[in-house]
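Below, each chain spelled out in residue letters.
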Amino acid sequence: MNLIATSGIAKIDGMGVGVVRFTQVMETLSCAILNGGNRRSSSFFIMQVNRDYSNDDPASDAARVRDVLGLPEDSVGMMTAAEVEHVFSIAVGECNGTEVTAIATAGLSNHVVAGDLLENYPERRIVSDSRAAHLAGTINIAILSPVPLTEEGKVNIFIPLVEAKSAAMAERGYRETGTTSDSMAVFSPVGGERISYTGTGSDIGIAAARAVRSAVGQALEARGEHPVMEEPLRLLRNNGYDIGRMRSLSGSSVPEEEFESLLVEALGEPRLRAIVDLALFSADRADSMADDGHPEERDIIIRAAEDYTGTDVGRGASTVEAVLTAVSRYVVRGNE
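Residues numbered from 1 in each chain as written. Predicted model: local features only at pLDDT ≥ 70, side-chain atom pairs only at ≥ 80, totals over all residues. Heavy atoms only, no water.

Engineer: Explanation requested: the environment of glutamine 24 in the structure shown.
Structural biologist: The topology assignment puts glutamine 24 in strand β2 (residues 15-30). You can call glutamine 24 partly exposed: its relative accessible area is 29%. For glutamine 24 and serine 41, which are 17 residues apart along the polypeptide, the C-alpha to C-alpha distance reads 8.7 Å. The contact partners of glutamine 24, leaving out residues within four places of it in the chain, are Met1, Leu3, Ser41, Pro189 and Val190. (Helix = DSSP H or I, 4+ residues; strand = E, 2+ residues; numbered from the N terminus. Buried < 20%, exposed > 50% of the residue type's maximum accessible area, 1.4 Å probe, protein only. Contact = heavy atoms within 4.5 Å.)

Structure, rendered in structure tokens:
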């Protein structure tokens, strides 16, 4: 079923607007700035705003763009600071004959790990912004279901959408799961036999996830996005290794304050920092594979840490524990 009548990029005040007009009025559930919630809609758009955009009533700006474009009053609208004319992406996913269309824009300058406190957000934003002046954030996603959905079906399908978005990021090396301003919408036809189960085990859920992974991936690649290097002590703390625990792993009598200074200095070495980052990023996978009788990945990571630090920690501990033991011993060597 072709649900898109027209699609393309318009320009309003020098900013790109990705516009999709539907072949029929659609039911929608979304967290969009304009006409969000549970309603019906004839079209959808994503408008670009300045990277420092601030307005207590963003819906009024979206409504103005809608009106300038001559779109119906029921149009659903989202915003992004990403360059819409470059990253506006439409992709189709298919599973057992079921096709779902995804529409996305993606930028990651304000990307975070879901659940983490934004304790160093300003620093992360500065690092991200310094890469290139044109990069800015927000991942906006909409999908078009080929069949009517029940209320629970509309909610259920957000699960494969979110997981597919994060999968697209993970495939490109991101630890983060999204940005602080992501927005999503589900559109489905009105009337007819409705589907209730749309999760990751259903044909429609699989098709939706494939479409989203493709659309988000295309948008990220169009911008040349790549992960931000995180502050190593923060990574250690988030994984349960504060200064006290790291010092304990070293078996050292060096005072804690001195140990912290030595650790910070050591983690300034690019290769050591890379080993720690690799261990933290891939430890769960390596340990799981080792538990299943395939220890090769864990052995490679631990051996790299041992070779660089000149230590021998054995293979009795988990990947992270072994690597950080090697690092901790390396930190205090010659300082006791």
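Engineer: Hey, could you run me through the packing of helix α9 (residues 256-266) against helix α12 (residues 319-332) in this one?
Structural biologist: Between two packed helices, the angle of one axis relative to the other and the distance separating the axes together describe the packing. It is at 9 Å that the axes of α9 and α12 come closest, and there the two elements cross at 110°. Viewed along their axes, α9 and α12 adopt a mutual orientation that is roughly perpendicular. Along the contact surface, α9 presents Phe259, Leu262, Leu263 and Ala266, while α12 presents Val327, Ser328, Tyr330, Val331 and Val332. Considering only residue class, the contact of α9 with α12 consists of eight nonpolar, one polar and no charged. (Axes fitted to C-alpha atoms, helices over the stretch in contact; angles between N-to-C directions. Parallel < 35°, antiparallel > 145°, perpendicular 65-115°, else oblique. Nonpolar A, V, L, I, M, F, W, Y, C, P; charged D, E, K, R; others polar.)

Engineer: Hey, could you run me through the pairing of strand β1 (residues 4-12) in this one?
Structural biologist: Each regular strand carries side chains that alternate between the two faces of the sheet. As paired strands, β1 and β2 are joined by eight bridges and run antiparallel to one another. Paired with isoleucine 12 across the two strands is methionine 15, which belongs to β2. Hairpin connection, β1 to β2: the antiparallel pair is bridged by two residues, and aspartate 13 has positive phi, about 55°. (Pairing = 2+ DSSP bridges.)

Engineer: I would appreciate a short explanation of the side chain of arginine 298 in the present structure.
Structural biologist: Mapped onto the elements, arginine 298 comes out in helix α11 (residues 296-309). There is no salt bridge for the buried arginine 298, and the closest opposite charge comes from aspartate 287, which lies 4.1 Å off by N-O distance. Ignoring anything within four residues of it in the chain, the contact list for arginine 298 reads Ala286, Asp287, Ala290, Arg315, Ala317 and Thr319. (Lys, Arg positive; Asp, Glu negative; His and termini not counted. Salt bridge = Lys/Arg side-chain N within 4 Å of Asp/Glu carboxyl O.)

Engineer: Hey, could you run me through the packing of aromatic side chains in this one?
Structural biologist: Here the distance between the centres and the angle between the planes together describe a pair of aromatic rings. One pass over the full model with this rule turns up three aromatic pairs. Through a chain of ring-to-ring contacts, the aromatic side chains of Phe22, Phe44 and Phe187 assemble into a single cluster. The aromatic ring of tyrosine 241 is capped on one face by arginine 245, whose charged end is 3.9 Å from the ring centroid. (Phe/Tyr/Trp six-rings, centres within 6.5 Å; stacked < 30°, edge-to-face > 60°. Lys NZ or Arg CZ within 6 Å of the ring centre and 35° of its normal.)

Engineer: I'm lost on the nonpolar core in this one. Help?
Structural biologist: As a rule of thumb, nonpolar side chains are buried together in soluble globular proteins. Residues Ile141, Ile143, Leu161, Val186, Val212 and Val216 are the most contacted members of the largest nonpolar core, which totals 32 residues. Listing elements by their share of this core, those giving two or more residues are β5 (89-95), β6 (98-107), β8 (138-144), α5 (158-170), β10 (183-189) and α6 (203-223). Element by element, the count of residues in this core is highest for α6, at ten residues. Residues within four places of isoleucine 143 in sequence aside, it is in contact with Val100, Thr101, Ala102, Ile157, Leu161, Ala185, Val186, Phe187, Ala208 and Val212. Ala266, Leu272, Ala305 and Val320 belong to the second-largest nonpolar core, a separate cluster that totals 31 residues. (Core = buried A, V, L, I, M, F, W, Y, C linked by side-chain atoms within 4.5 Å.)

Engineer: What exactly am I supposed to notice about α12 here?
Structural biologist: For an α-helix, 3.6 residues make a turn, and residues three or four places apart therefore share a direction. The terminal C-alpha atoms of α12 lie 21 Å apart, and with 14 residues this matches the ideal 20 Å at 1.5 Å per residue to within 8%. Of all 14 residues in α12, eleven are buried; the element is thus mostly enclosed. Those residues of α12 not exposed but buried are Thr319, Val320, Ala322, Val323, Leu324, Thr325, Ala326, Val327, Ser328, Val331 and Val332. As for α12, its buried residues are in contact with α7 (232-238), α8 (243-250), α9, α10 (270-291) and α11. (Expected span 1.5 Å × (residues − 1).)

Engineer: Explain unusual backbone geometry to me, please; I cannot follow it from the model alone.
Structural biologist: Trans peptide bonds make up the majority, and among non-glycine residues the majority have a negative phi. Despite not being glycine, asparagine 35 shows a phi value in the positive range, around 60°. Mapped onto the secondary structure, asparagine 35 falls in the loop between β2 and β3 (37-48). Given a relative accessible area of 16%, asparagine 35 falls into the buried group. The backbone of asparagine 96 sits at a positive phi, close to 50°, despite the residue not being glycine.

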